[in-house]
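Chains, contacts and geometry: an overview
Letter by letter, the chains look like this.
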Amino acid sequence: LDMGSTINSKCNNKMNKKLFLLFFILLLVPVVLADEQEEDDSCGWYNIGSCLPDIIYKTILFISNAPIIPLLSWTQSLLTTEISPTPFYHLWKIITYILSFFYIFLFVYSGFIFLTSSSNPIRRSQSKEWLTNAVIMIVLINGSYYIYELILNLSSIISKSLLSIIDNTFFLFTIDNFSNIALQIIFSLLYVIVLLFTLLFLVIRFLIVYFGILFFPIALFCYFTPPLKGYGKFIIHILAIFIFVTVIDLLIILGCSIIVKLPVFQNFKIIVMIACFLIIDYTLYWSLNYAMHHTTQTNIKEDLLETGKYLAMAFGA
């Protein structure tokens, strides 16, 4: 009797699970049906029989893609989001105000070299160049907020334009053939892991670009100050790379979305998707590695010697 009751209990549990799964699918049918009605007004509850195969197909597709839809949504948002420097406007004003104290020193320095080098045309020419650079630097630093905002908007517009060209179904699982279904089951976990790494790199990139407005005027100041030009060039390069790396990433996705439509790759879509996001991860990793590598390779001793050389030019014979 105990064995019989145990068997009956197991059968009831299995039946309950099946009924729960069926109930869950039936709950999703109205959602899919609503989407279907938006696309095609001829499909509704009054003729659900003719639409039922398509509804079941879309319901299964929706269930299979449900776990990755949030990840894909966040990824696409980070790739195309319009980053605004507005929250840091007042901090930017403070930084430009502090930098303005050095303008007088640059003008005095350049003027002193110009006045004391009447017999040395090379030094006079250099002093004129420094005066010109100082004027350009003042204009660019005071307009750096608007320049940075313009660059961010340009990057966002290009990224959104590229994303609009890409087929949205490229990012999702499909059940169009047995080969794709089998590979998606095998590599689905790997795909999720790759998406998580992509999100991590994109968040880091977002933070660097977001706070970049605070470093951009400093970079311009360093770039037009001869002893510090290397630092300025480095910061500008880093900001430019991180701002426009998403444009490169979306070009990679666009290329992969075109490749996956070729007959040779149609049965290996999940592999193309994973390879695509791995390439994107590499571009983001390369950007981080470039920043870290060049930071550690900066030779402070050489910069100090360069500074000493310019001071010697000012006070030398």
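Keep in mind that this is a model prediction, so the values were computed, not measured. (Residues numbered from 1 in each chain as written. Predicted model: local features only at pLDDT ≥ 70, side-chain atom pairs only at ≥ 80, totals over all residues. Heavy atoms only, no water.)

**Some thoughts on the overall build of the protein**
- Within the protein one finds 11 helices and 0 strands.
- Taken from the N to the C terminus, the helices and strands of the protein come in the order α-α-α-α-α-α-α-α-α-α-α.
- Buried residues in the protein amount to 35% of all 317 residues.
- As presented, the protein carries roughly 18,800 Å² of accessible surface, and 73% of it is formed by carbon and sulfur atoms. (Helix = DSSP H or I, 4+ residues; strand = E, 2+ residues; numbered from the N terminus. Buried < 20%, exposed > 50% of the residue type's maximum accessible area, 1.4 Å probe, protein only. Areas by Shrake-Rupley, 256 points an atom, 1.4 Å probe, with all protein chains shown as cover.)

**Side note on the packing of aromatic side chains**
- Applying the stated criterion to the full structure yields 15 aromatic pairs.
- Aromatic pair tyrosine 148 and phenylalanine 216: ring centres 5.5 Å apart, planes at 40°, arrangement tilted. In this pair, tyrosine 148 is assigned in helix 6 (residues 144–165) and phenylalanine 216 in helix 8 (residues 212–223), connecting sequence segments 68 residues apart.
- Of the residues examined, tyrosine 148 reaches a relative accessible area of 1% and is grouped as buried.
- An aromatic cluster of three or more residues is present, and its members are Phe88, Phe206, Tyr210 and Phe211.
- Over the aromatic face of tyrosine 223 sits the side chain of lysine 229, whose NZ or CZ is 5.0 Å from the ring centroid. (Phe/Tyr/Trp six-rings, centres within 6.5 Å; stacked < 30°, edge-to-face > 60°. Lys NZ or Arg CZ within 6 Å of the ring centre and 35° of its normal.)

**Side note on empty space enclosed by the protein**
- One pass over the full model with this rule turns up 1 cavity of 30 Å³ or more.
- Space inside the largest cavity adds up to approximately 80 Å³.
- What lines the largest cavity is simply Leu78, Leu79, Thr80, Thr81, Ile83, Leu152, Ser155, Ser156, Ser159, Arg205 and Thr246.
- Counting only elements with at least two residues in the lining of the largest cavity, the list comes to helix 3 (69–80) and helix 6. (1 Å grid on protein atoms, 1.4 Å probe; cavity = no way out; pocket = protein on both sides within 12 Å on 5 of 7 lines; lining within 4 Å. Points joined across faces, edges and corners; volume = space filled by probe spheres on them.)

**Points about the nonpolar core**
- Of all hydrophobic cores here, the largest spans 63 residues; its most connected members are Tyr148, Phe170, Phe171, Tyr191 and Ile253.
- Those elements giving two or more residues to this core turn out to be helix 3, helix 4 (89–115), helix 5 (121–142), helix 6, helix 7 (178–210), helix 8, helix 9 (229–259) and helix 10 (269–296).
- Among the elements that line this core, the one with the most residues is helix 9, at 13 residues.
- Discounting residues that sit within four places of it in the chain, tyrosine 191 has contacts with Ile68, Leu72, Phe171, Phe173, Ile270, Met273, Ile274 and Phe277. (Core = buried A, V, L, I, M, F, W, Y, C linked by side-chain atoms within 4.5 Å. Contact = heavy atoms within 4.5 Å.)

**A closer look at a nonpolar patch on the surface**
- Taken together, the side chains of Leu91, Ile94, Tyr97, Ile98, Phe101 and Phe102 present a nonpolar region at the surface, about 630 Å² in accessible area.
- Along the chain, phenylalanine 101 falls in helix 4. (Patch = residues over 30% accessible without salt bridge, like charges linked within 9 Å, V, L, I, M, F, W, Y side chains within 5 Å. Salt bridge = Lys/Arg side-chain N within 4 Å of Asp/Glu carboxyl O.)

**Description of the confidence of the model for the protein**
- For the protein, per-residue confidence averages 76 on the pLDDT scale, and 69% of positions sit at 70 or higher.
- In the predicted structure, residues 36–41 sits below a pLDDT of 50 and forms 7 contacts with residues beyond four places in sequence or in another chain. (pLDDT = per-residue confidence, 0-100.)

**Remarks on the side chain of lysine 269**
- Along the polypeptide, lysine 269 turns up in helix 10.
- Ignoring any residue separated from it by four or fewer positions in sequence, one finds lysine 269 in contact with Thr169, Phe170, Leu172, Thr174, Asn180 and Val260.

**Some details on helix 9**
- For helix 9, which comprises 31 residues, the first-to-last C-alpha distance of 43 Å matches the rise-based estimate of 45 Å (1.5 Å per residue) to within 8%.
- The largest bend in helix 9 comes to about 40°, at phenylalanine 244. (Expected span 1.5 Å × (residues − 1). Bend = angle between axes of the 7 residues up to and from the residue.)

**Some details on the packing of helix 3 against helix 7**
- Viewed as axis vectors pointing N to C, helix 3 and helix 7 meet at an angle of 30°, and their least axial separation amounts to 10 Å. It follows from the interaxial angle that helix 3 and helix 7 lie roughly parallel. At the point where helix 3 passes helix 7, the crossing takes the left-handed sense. In this structure, helix 3 uses Leu71, Leu72, Trp74, Thr75, Leu78 and Leu79 to contact helix 7, whose residues at the interface are Tyr191, Val192, Leu195, Leu196, Thr198, Leu199, Leu202, Val203, Arg205 and Phe206.
- Its residues placed into classes, the contact of helix 3 with helix 7 shows 13 nonpolar, 2 polar and 1 charged. (Axes fitted to C-alpha atoms, helices over the stretch in contact; angles between N-to-C directions. Parallel < 35°, antiparallel > 145°, perpendicular 65-115°, else oblique. Left-handed = near helix turned anticlockwise from the far one by under 90°. Nonpolar A, V, L, I, M, F, W, Y, C, P; charged D, E, K, R; others polar.)

**Let's talk about the pattern of salt bridges**
- Applying the stated criterion across every chain, the model contains 1 salt bridge.
- With its nearest N and O atoms 3.9 Å apart, the salt bridge here joins glutamate 82 to lysine 160. A residue pair is termed long-range when its members are at least 10 positions apart, and glutamate 82 in the loop between helix 3 and helix 4 and lysine 160 in helix 6 qualify at 78 residues.
- A residue is classified by how much of its surface remains accessible, and glutamate 82, at 47% relative accessible area, is partly exposed.
- For lysine 160, a relative accessible area of 41% puts it in the partly exposed group.

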